[in-house]
Amino acid sequence: MQKRALVVGLGIAGMSAAIGLRRAGWTPVIVERAPERRTGGYFVGLFPEGRQAAVDLGIADHLHTRNPERAAGTNAWSVDRRGRRRPALGFLDQPGGPAAVLRGDIEAALWQSITGVEVRFATTPVAITEGPAEAQVLLEHTDTGGQYRESFDLVIGADGMRSSVRRMVFGPHEDHLTTWNAMICAFQLKEQAPTYEASDSIIIARAKRAVWVFGLADHAPTALLTYRTTDIQEQFSGSRLERLRAVFSGMDDPTVRHVLDSLEEAPDHVFDSVHQVRMPRWSTGRVVLAGDAAWCMNLYSGMGATSSLRGGAALGAALQEHPDDLAAALDAWEVGLRPFITKHQRAARLKQQMFVPSSRRAEALRSVLVGLARRIRGRQPATEAGGPQGMALSGTSR
């Protein structure tokens, strides 16, 4: 008899896990709290491990990448406190040559590849009871409140940083969320900031607050506002726009004004506190967590989408290698994946300083380090420095 798995969450981690499970011979069922699938989304850099996972999952041909053609001068600019614009290293200049995509690009590619998988919208689990041979899940329709029970051989919680599956099975969020005393707001711009080329990236990094604009080849840029704070709860009170205008007051730059004005018209945005999820183990019995629910690399790491794709592909491979021993499969999956997750969770602290320096001194040091890195990179051949050849899945940006 074919084994059935409940996947909670229709994001990158959930759909990746569903594809991996189906490739291992399982029958996945996806439930999603929202009434419909999300589209659009903010900028994501897909690193080599994520690109390989896309190939392993069979979605590479559907994945649209948006890396700008590298201009003769630069595609990234840093703006200093005097408003002077200088060539800079942008997010896409990191080692490994990340592929530039929107979150929705990855989800659209995954969606095309889960044809035939049952997806139930406006549905969420409210109770999970494990037995020796199955997991009993009480599911609820979010629109009607109606409830029903169903049995599964495995439950995968891929429902984000504040996972309801994790809370029900592993305990309260406070036991697993580490606080970084920082906030982020990410959204799409209608148009590029004045005086910049359409695909330019712009970095305005000050002590404790920063504005990033990520330029794309065939799409309006996306923006990231991020700042440090010691009072997370206070940030959620009142108007988000007024909060952000207050935080970024004094940064009298046309790009900052443009980004803040654009937020008023943005149809969708993410505004949240920054955390990582730290857990000694990602599974217990017939319940396993994946993606942000399990490890939440956070936005500063830049590895969220990559790790979610890799996690789903690896889970399917482990179940295929251990078809008759679920415990062994989950052990092998975690042993293989955890070193990668741990490495990039640790690196995120340093990357946070690059995104939003903690002080004026850190701001100055960041400027020196980025300038040095840019000079070193300028001496390398394009392919060695992570040029366009390494950026897209198939070797060319589409």
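Once a new chain begins, its residue numbering starts again from 1 and follows that chain's sequence as written. At least 70 in pLDDT is required for a residue's local features to be given in this predicted model, at least 80 for side-chain atom pairs to be given and counted, and no such filter applies to totals for whole chains, interfaces and linings, which use all residues. Side-chain measures here rest on the full set of heavy atoms in the structure, leaving out hydrogens and waters.

Draft legend 1. Examining the confidence of the model for the protein chain more closely. Confidence in the prediction of the protein chain, expressed as mean pLDDT, is 92, and 94% of residues score 70 or more. Think of pLDDT as the predictor's per-residue confidence, scored from 0 to 100. Should any heavy atoms of two residues lie within 4.5 Å, those residues are counted as being in contact. Across residues 381–398, confidence stays below pLDDT 50; counting only partners more than four residues off in sequence or on other chains, it has 42 contacts.

Draft legend 2. Structural view of helix 8 (residues 304–321). Secondary structure elements follow DSSP: runs of H or I of four or more residues count as helices, runs of E of two or more count as strands, with numbering from the N terminus. By definition here, a helix of n residues has an expected span of 1.5 Å times n minus one. If you check helix 8, its first and last C-alpha atoms are 26 Å apart, about what 18 residues at 1.5 Å a residue would give, namely 26 Å. Residue burial is assigned from relative accessible area. The probe radius is 1.4 Å, only protein chains are included, and a residue is buried under 20% of its type maximum, exposed over 50%, and partly exposed in between. For helix 8, the complete set of buried residues consists of A305, T306, S307, S308, L309, G311, G312, A313, L315, G316, A318 and L319. Structurally, helix 8 contributes buried residues whose contacts are with helix 1 (12–23), strand 3 (43–46), helix 2 (48–57), helix 3 (103–113), strand 11 (154–157) and helix 9 (326–355).

Draft legend 3. Structural detail: helix 6 (residues 240–247). Every buried residue of helix 6 is listed here: L241, R243 and L244. Mapping the buried residues of helix 6 onto a view down its axis gives an arc of 160°, with all of them on the same face. On the buried face of helix 6, the contacting elements are strand 12 (177–188), strand 15 (222–228), helix 5 (232–235), helix 7 (254–265) and strand 16 (269–277). Its side-chain oxygen placed 3.3 Å from the backbone nitrogen of L241, S239 serves as the N-cap of helix 6. This arc is taken over the directions from the axis of the helix to the C-beta atoms. Pairs of N or O atoms are called polar contacts if they sit within 3.5 Å, as long as, within protein, a hydrogen donor faces a hydrogen acceptor (for residues adjacent in sequence, only side-chain-to-side-chain pairs).

Draft legend 4. Highlighting the sheet that holds strand 17 (residues 283–284). By the convention used here, strands pair only if DSSP detects at least 2 bridges between them. If you walk across this open sheet you meet the six strands as 7-2-1-11-18-17, and the pairing is mixed. Since the sheet does not close on itself, it has two edges, and those belong to strand 7 (118–121) and strand 17, each with one partner. Pairing of strand 17 with strand 18 (residues 287–289), which is carried by two bridges, proceeds in the antiparallel orientation. Across the sheet, T284 pairs through a bridge with V287, a residue of strand 18. Note on definitions: angles span 0 to 180 degrees between N-to-C directions of axes, and those axes are lines fitted to C-alpha atoms, for helices only across the stretch in contact. Its contacts with the sheet put helix 1 on strand 1 (4–8), strand 2 (27–32) and strand 11, and the angle it makes with strand 2 is roughly 165°.

Draft legend 5. Just empty space enclosed by the protein, in detail. Grid spacing is 1 Å over the protein atoms alone, the probe is 1.4 Å, and a cavity is where that probe fits but cannot get out, while a pocket is an open set with protein on both sides within 12 Å along at least five of seven lines and lining residues have an atom within 4 Å of a point. Grid points are joined across faces, edges and corners, and a volume is the space filled by probe spheres set on the points. The full count for this structure, using the stated rule, is one cavity of 30 Å³ or more. There is about 150 Å³ of room inside the largest cavity. Along its surface, the largest cavity is lined by 15 residues, and P68, N75, L92, D93 and S201 are the ones closest to its centre. Under the grouping applied here, Gly and all other residues not named as nonpolar or charged are polar, the nonpolar ones being Ala, Val, Leu, Ile, Met, Phe, Trp, Tyr, Cys and Pro and the charged ones Asp, Glu, Lys and Arg. A breakdown of the residues in the lining of the largest cavity according to their chemical character gives seven nonpolar, six polar and two charged.

Draft legend 6. Inspection of the environment of C185 at higher detail. Inspection of the secondary structure assignment puts C185 in strand 12. With relative accessibility at 0%, the residue C185 sits in the buried group. Along the chain, C185 and L225 lie 40 residues apart, while their C-alpha atoms are 5.0 Å from each other. Beyond its immediate chain neighbours, meaning those up to four positions away, C185 contacts A223, L224, L225, L244, L263, H269, V270 and F271.

Draft legend 7. Structural view of the pairing of strand 10 (residues 147–152). Both strand 9 (residues 135–141) and strand 10 contribute to a ladder of six bridges, which runs antiparallel. Each bridged residue has a counterpart across the sheet, and for Q136 the counterpart in strand 10 is S151. Between strand 9 and strand 10, which pair antiparallel one after the other, the connecting turn spans five residues, and G145 there sits at a positive phi close to 85°.

Draft legend 8. Structural detail: the pairing of strand 3. Burial of strand 3 is two-sided: the residues F43 and G45 facing one way and the residues V44 and L46 facing the other way are all buried. As paired strands, strand 3 and strand 6 (residues 99–102) are joined by four bridges and run antiparallel to one another. Bridging from a neighbouring strand, G45 pairs with A100 of strand 6.

Draft legend 9. Representation of the packing of aromatic side chains within the structure. Side-chain rings of Phe, Tyr and Trp (the six-membered ring for Trp) are treated as a pair once their centres are within 6.5 Å; stacked means planes under 30 degrees apart, edge-to-face means over 60, and tilted covers the remaining angles. Evaluation of the coordinates by the stated rule reveals 15 aromatic pairs. Where W111 meets F121, the ring centres are 6.4 Å apart and the plane angle is 45°; that geometry is what we call tilted. Highlighted residues: W111 in helix 3 and F121 in strand 7, separated in sequence by ten residues. An aromatic cluster of three or more residues is present, and its members are F43, F47, F91, W180, W212, F214, Y300 and F355. Seen from the ring of Y196, R85 lies directly overhead, with NZ or CZ sitting 3.7 Å from the centre. Positioned above the aromatic ring of Y42, the side-chain terminus of R103 is 5.8 Å from the ring centre. We call a charge positioned over a ring when the NZ of a Lys or the CZ of an Arg lies within 6 Å of the ring centre and within 35 degrees of the ring normal.

Draft legend 10. Broad picture of the pattern of salt bridges. Salt-bridge detection follows one rule: a side-chain nitrogen of Lys or Arg within 4 Å of a carboxyl oxygen of Asp or Glu. Following the criterion strictly, the structure yields 17 salt bridges and no others. When salt bridges with common partners are traced through the structure, they connect R4, E118, R120 and E150 into a single cluster.

Draft legend 11. How the structure looks around the sheet that holds strand 8 (residues 123–130). Spatial strand order, 8-9-10: three strands in an open sheet with antiparallel pairing. With partners counted over all chains shown, the strands left at the sheet margins are strand 8 and strand 10, one partner each. Along the sheet, successive strands turn relative to each other by an average axial angle of 25°, direction set aside. Note that strand 8 and strand 9 share seven bridges and pair antiparallel. Looking at strand 9, one finds that T123 is bridged to H141.

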